[in-house]
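Per-entry structural report
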Amino acid sequence: MGKRIHVKKLGERIYLMDDAGEATGYLVVGEEKALVIDTMIGWEDVNEVVKGITTLPIMVVNTHGHCDHIYGNVYFEEAYLHPDDFELAQEHSNFPEFADLCNKYGMKMPPFKPILDGEVIDLGGATLDVIHLPGHTKGGICLLYREERVLFTGDGINCHIWMQLEESLTISELADNLEKLMYVKEKADKILHGHAQDYEDISLLTELYLGAKELIECPECIEQDEDYIWFGGVDKKHIYGPKKNAICYKVGKI
Ligand SMILES: [Zn+2]
Ligand SMILES: [Zn+2]
């Protein structure tokens with residue numbers, strides 16, 4: 001289980017953990033507690049990595065139930081997740097390749113504890129609000145770090161969002177939920193998502209919303225959009241906005 005996690009200090013209290021370019025987790029160090037946001041793929045002991053940075057008690061929160069965000073939970077005793085993703089996380093925990101490795105190394109997924117919209121995580125000098133954002137998955141959450149004005153979004157808002165998955169909501173539902181989130185622009189300047197190497201500007205929220213609206217209001221776009229080939233099949237990819245970001249989606253699930 002070699003060295004894969006590369007740590008980058010982004011601010012006084014924020015560390016980015018890059019798991020071999022395949023997934024990104026974060027550590028927020030308060031005065032009394034530290035928070036791990038997503039545990040990544042699990043090949044390297046993320047708990048050890050975190051202990052190298054802080055000796056404070058650790059709380060683990062998963063932004064959603066996908067394998068590339070939860071598998072490192074095996075190095076902790078518990079993890080928080082929105083209950084709407086419990087089933088999905090269980091399904092991903094049962095993937096044979098992962099289950100076999102857990103057996104081989106005598107590890108198991110710790111229990112998931114529920115975390116809900118409106119809850120506040122107080123780390124001492126660092127306060128994070130839990131915001132439910134169904135879209136990429138039903139139980140996706142964002143965490144708004146008040147003092148630093150940073151929004152952690154997991155895969156719920158990123159530059160190449162996967163909405164073609166069976167567990168994803170429709171593009172219209174995503175647009176509605178992003179619209180409800182617009183108030184956050186007053187409270188955050190930056191975004192840190194689940195596959196990032198650095199900060200994104202908060203304008204990504206509006207850009208994604210407009211990209212989703214474009215897709216909803218422009219049926220001919222679907223004709224023009226290129227195919228998106230991924231391990232689950234062939235779907236579509238809509239390129240939008242000045243930065244040429246992408247929404248991957250399923251035809252018939254707009
Ligand atoms: Zn995901
Ligand atoms: Zn992901």
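To keep things clear, this report deals only with the structure shown in the data block.

Calculation criteria
- Residues numbered from 1 in each chain as written.
- Chains lettered and ligands numbered in written order.
- Predicted model: local features only at pLDDT ≥ 70, side-chain atom pairs only at ≥ 80, totals over all residues.
- Helix = DSSP H or I, 4+ residues; strand = E, 2+ residues; numbered from the N terminus.
- Buried ≥ 20, exposed ≤ 12 C-beta atoms within 10 Å, placed from the backbone.
- Contact = placed C-beta atoms within 7 Å.
- Pairing = 2+ DSSP bridges.
- Axes fitted to C-alpha atoms, helices over the stretch in contact; angles between N-to-C directions.
- Core = buried A, V, L, I, M, F, W, Y, C linked by C-beta atoms within 7 Å.

1. Some points on the overall build of the protein chain
Along the backbone of the protein chain there are seven helices and 17 strands. On the principal axes, the C-alpha backbone points of the protein chain span a range of 55 × 45 × 30 Å. Scored against the burial criterion, the 254 residues of the protein chain give a buried share of 43%. A separation threshold of at least 6 residues defines the contact pool for the protein chain, and within that pool the share at least 24 residues apart is 59%.

2. Some remarks on the sheet that holds strand β15 (residues 226-230)
An order of β12-β17-β16-β15 is seen for the four strands of this open sheet, with the pairing classed as mixed. In the strand order of this sheet, the two ends are held by β12 (160-162) and β15, each with one partner. Across the sheet, the mean angle separating the axes of adjacent strands is 35° when strand polarity is ignored. Bridge count between strand β16 (residues 233-240) and strand β17 (residues 245-249): five bridges; the pairing is antiparallel. By the bridge assignment, K237 is partnered in β17 with C248. Running over the sheet, helix α6 (residues 203-217) touches β12, β16 and β17 and is turned about 50° from β17.

3. Section: the pairing of strand β5 (residues 58-61)
The sheet contact formed by strand β4 (residues 34-37) and β5 spans four bridges and is parallel. Along β5, the bridge assignment pairs V36 with V60.

4. Focus: the sheet that holds strand β14 (residues 200-201)
The strand order β8-β9-β10-β11-β13-β14 describes an open sheet built from six strands, whose pairing is mixed. If you trace the sheet from one side to the other, it starts and ends with β8 (120-122) and β14, each paired once. The pairing of strand β13 (residues 190-193) with β14 spans two bridges and is classified as antiparallel. By the bridge assignment for β14, I191 is matched with E200.

5. Remarks on unusual backbone geometry
Most peptide bonds adopt trans geometry, and most residues besides glycine take a negative phi value. In the Ramachandran plot, D38 falls in the positive-phi region, its phi being about 70° despite a non-glycine side chain. When the 28 C-beta atoms within 10 Å are taken as the criterion, D38 is described as buried. Not every positive phi belongs to a glycine, and M40 is a case in point at roughly 65°. Within the secondary structure layout, M40 lies in the loop between β4 and α1 (46-51).

6. A closer look at the nonpolar core
Buried together is how nonpolar side chains tend to be arranged in soluble globular proteins. Of all hydrophobic cores here, the largest spans 67 residues; its most connected members are Y26, L27, V28, L35, L143 and F152. The residues touching F152, leaving out its near neighbours within four places in the chain, are Y26, I37, T63, C142, L143, Y145 and L192.

7. Regarding the environment of E97
Summarising the element assignment, E97 is placed in helix α4 (residues 96-105). According to the C-beta neighbour criterion, E97 is exposed, with 8 such atoms within 10 Å. Spatially, the C-alpha atom of E97 lies 25 Å from that of V36, the residues being 61 residues apart in sequence.

8. So, the pairing of strand β3 (residues 23-29)
Buried residues dominate β3, accounting for seven of its seven residues. Here β3 shows no split at all, with A23, G25, L27 and V29 on one side and T24, Y26 and V28 on the other all buried. Two strands pair when backbone bridges link them, and strand β2 (residues 14-19) and β3 are joined in this way by six bridges, in the antiparallel orientation. Looking at the pairing, Y15 lines up with L27 of β3. Connecting the antiparallel pair β2 and β3 is a turn made up of three residues, with A20 showing a positive phi of about 50°. Bridge count for β3 against β4 is four bridges, and the pairing is antiparallel. Bridged to V28 within β4 is L35.

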